[in-house]
Amino acid sequence: MDATVNTLNNSAQDLIVDGMGRERQQYSGDCGHQLHAVMGTFGETRLPRRFLITYSQGLSSEGYFLDCWPAYDRLARVMQKQLGLSNWGPLLDHGVGFVFDNYYYYCQTGDTTHLAETLPRLLRSFDYLTTLMNPADSLLPVENLGIPSVWIDHHGYKKSRHKILAFNLYVSAMCQYALAPLCELTGRTADAVRARAFGEALQQACVRRFWSPERQVFVCNLPWEREEGETRYHDRDLATAVLFDMCPGGKTARSVELLAEEPAEMGFSYPANAVWRLWALIKANRIDVVLNDLRTRWAGMESVSLNNTLQEGWHAKPDNREQWSHCPIAPLIVLQQGIAGIRPLEPGYGRFEIAPQPGDLTDAAFTVQTVKGPIDFAVSGKRGNRRLSFTVPAGTTAELVLPAGEKVPFPPVASEGGDGLQNGLQDGVGRGLSDLLHDGRAHAATGSTVAARWNCACGICKIRSVVNSLIAGGCRTYVPERVPMFRNVRKHCFPAAGLASVNFVPAFPAYYRYKARYRIPDFWAYVYFS
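Residues numbered from 1 in each chain as written. Predicted model: local features only at pLDDT ≥ 70, side-chain atom pairs only at ≥ 80, totals over all residues. Heavy atoms only, no water.

Visitor: Account for empty space enclosed by the protein, naming residues and giving values.
Guide: Per the counting criterion, the structure on display carries seven cavities of 30 Å³ or more. Its boundaries defined by the atoms lining it, the second largest cavity holds a volume of some 100 Å³. Lining the second largest cavity we find 13 residues, and of these His-33, Gly-97, Phe-100, Asp-101 and Tyr-104 sit closest to its centre. Of all the elements in the fold, those that place two or more residues in the lining of the second largest cavity are α2 (34–42), α5 (92–109) and α12 (275–283). If one sorts the elements of the lining of the second largest cavity by residue count, α5 sits on top with four residues. Of the residues contributing to the lining of the second largest cavity, the split by class is six nonpolar, six polar and one charged. (1 Å grid on protein atoms, 1.4 Å probe; cavity = no way out; pocket = protein on both sides within 12 Å on 5 of 7 lines; lining within 4 Å. Points joined across faces, edges and corners; volume = space filled by probe spheres on them. Helix = DSSP H or I, 4+ residues; strand = E, 2+ residues; numbered from the N terminus. Nonpolar A, V, L, I, M, F, W, Y, C, P; charged D, E, K, R; others polar.)

Here is the structure:
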């Protein structure tokens, strides 16, 4: 992690750039991932906002973004492309990534002031993309585009046409999950409808052309598989499909399997783009693969041992043009969004999620910065005897989501046994701690401990754990707003609870929400789980 922080210090100074050894230019796309790390590691929002404003100004008259701006490099490239002196022009996929940059910045900060300048340019770029659609297959081409080009990645694609799937899935996701929400946020309803409809059309076209029903996976060379005599996948295609729920019928198992196993027929992104695969594996709860990746592929980089930075390619060679300190900051993103599982549930972190995946880690402690204040996160102990602790910034609401294997009953009750929990479930969810305590006491003195133990004899719910809530800052009350809502729990687990009244959450096996009733400067929650 130290090498990743050093790399970020090198590439995010007065500008957010790809690295200081070569171009020193602002790129979106693979380099735009740095915005996550800059905000989450340092709590810095001014530099990302500056990036959004200045990068957006590099919009061509045709409507595509120059993939890096301000940049002498791209001005020269446009001229070279006109004369046939270069194969590369401004990269359209970086302009697609820039829409995500704007959306994620809004999610992290709640700030919308930049959109007055950037959103009209994002819409011009969207309009340009719509003009490229090939009527023969309803997909966007990646070749013969004139001045601009499609890059996606320079590793793992044997032919340019293999990038059609990744590019179209990427544009589809951008339209549906970044541009449309930004339009709705600013009252541009008609533009939101257009963006979402275009994204859905591209997704359907990708399914028709590249989805293999027999193998239940996207194949990036499916139309030419017989001609080429081999099957090709790419981690970027598979990861995008998993992250944005693009596999028909939610059939992601084969995609996740390929991402985890890395077969020879799967192309692999270069370091600055490798975060897509890791994000998808985190979503699929394969933190074991992610941690192994950090310990081997990332920690084994030559630049880590020789330079304490992260290099541009997977294999650094002395005295060549590849940088020894580039911008592949995936380890920091994994730390914050994977191991801690921290992400905003509403813009600006008024409400946020903690969905930890410590895997086989036995000791980890770090701080994730937010605009509402730092979240200190720590986990210790082995599987079967772990302690998780975290802070909830004052004036915020945290939702703790535990993996299916980590069965922790909540909320805290005053005594042993299941009566308190069952009584809390009797009328459904949403009641306070006072309704759950046997004697009706709702208050705890500063620094006191409220403990809970609940045992169920059934095979699904056999649980024994302790949840300790330490109240800080002189506040008399810090109570759960909701009791647990369990998925896949048999009715006999709560025979007296009237299980039909329990509200189920389909997305998570267990779901908890905490809400501070008073402003608390620092609150620690300790959770012991198996």
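Visitor: If you had to explain the pairing of strand β6 (residues 351–354) to someone new, which residues and values would you point to?
Guide: Both strand β5 (residues 342–344) and β6 contribute to a ladder of three bridges, which runs antiparallel. What sits directly across from Ile-342, in β6, is Ile-354. If you look at the hairpin formed by β5 and β6, you'll find six residues sitting between the two strands, and Gly-348 has a positive phi there, around 85 degrees. With four bridges joining them, β6 and strand β10 (residues 397–401) adopt parallel strand pairing. (Pairing = 2+ DSSP bridges.)

Visitor: Explain α5 to me, using residue names and the numbers behind them.
Guide: Here α5 spans 26 Å end to end across 18 residues, near enough to the 26 Å set by a 1.5 Å rise per residue. Of all the 18 residues making up α5, 17 are buried; the element is thus mostly covered by neighbouring parts of the structure. A positive backbone phi angle near 80 degrees is found at Gly-110, which sits one or two residues after α5. (Expected span 1.5 Å × (residues − 1). Buried < 20%, exposed > 50% of the residue type's maximum accessible area, 1.4 Å probe, protein only.)

Visitor: Could you give an account of the pairing of strand β7 (residues 363–368), with specific residues and numbers?
Guide: Where burial is concerned, the two faces of β7 differ: the one with Ala-364, Phe-366 and Val-368 is buried and the one with Asp-363, Ala-365 and Thr-367 is not. As judged from the six bridges shared by β7 and strand β8 (residues 375–380), these two strands associate in the antiparallel manner. By the bridge assignment for β8, Thr-367 is matched with Asp-376.

Visitor: Tell me about unusual backbone geometry, residues and numbers included.
Guide: The bulk of non-glycine residues show a negative phi, and the bulk of peptide bonds are trans. Cis peptide bonds are those with omega within 30 degrees of zero, and the linkage from Trp-69 to Pro-70 qualifies with -5 degrees. Relative to the elements of secondary structure, Pro-70 occurs in the loop between α3 (46–56) and α4 (72–82). Although it is not a glycine, Ile-152 adopts a positive phi angle of roughly 65 degrees. The residue Ile-152 is located in the loop between α6 (115–130) and α7 (164–185) in this model. Overall, Ile-152 belongs to the buried group, its relative accessible area being 0%. The backbone of Gln-216 shows a phi angle near 55 degrees, a positive value even though the residue is not glycine. Counting through the fold element by element, Gln-216 comes out in the loop between β1 (211–212) and β2 (217–218). Owing to a relative accessible area of 34%, Gln-216 belongs among the partly exposed residues under this scheme.

Visitor: Please give an account of the layout of surface pockets that cites residues and values.
Guide: Put simply, the second largest pocket is a space of about 470 Å³. Lining the second largest pocket are 20 residues, and of these Arg-22, Glu-23, Trp-151, His-154 and Glu-312 sit closest to its centre. With three residues, the single largest contributor to the lining of the second largest pocket is α4.

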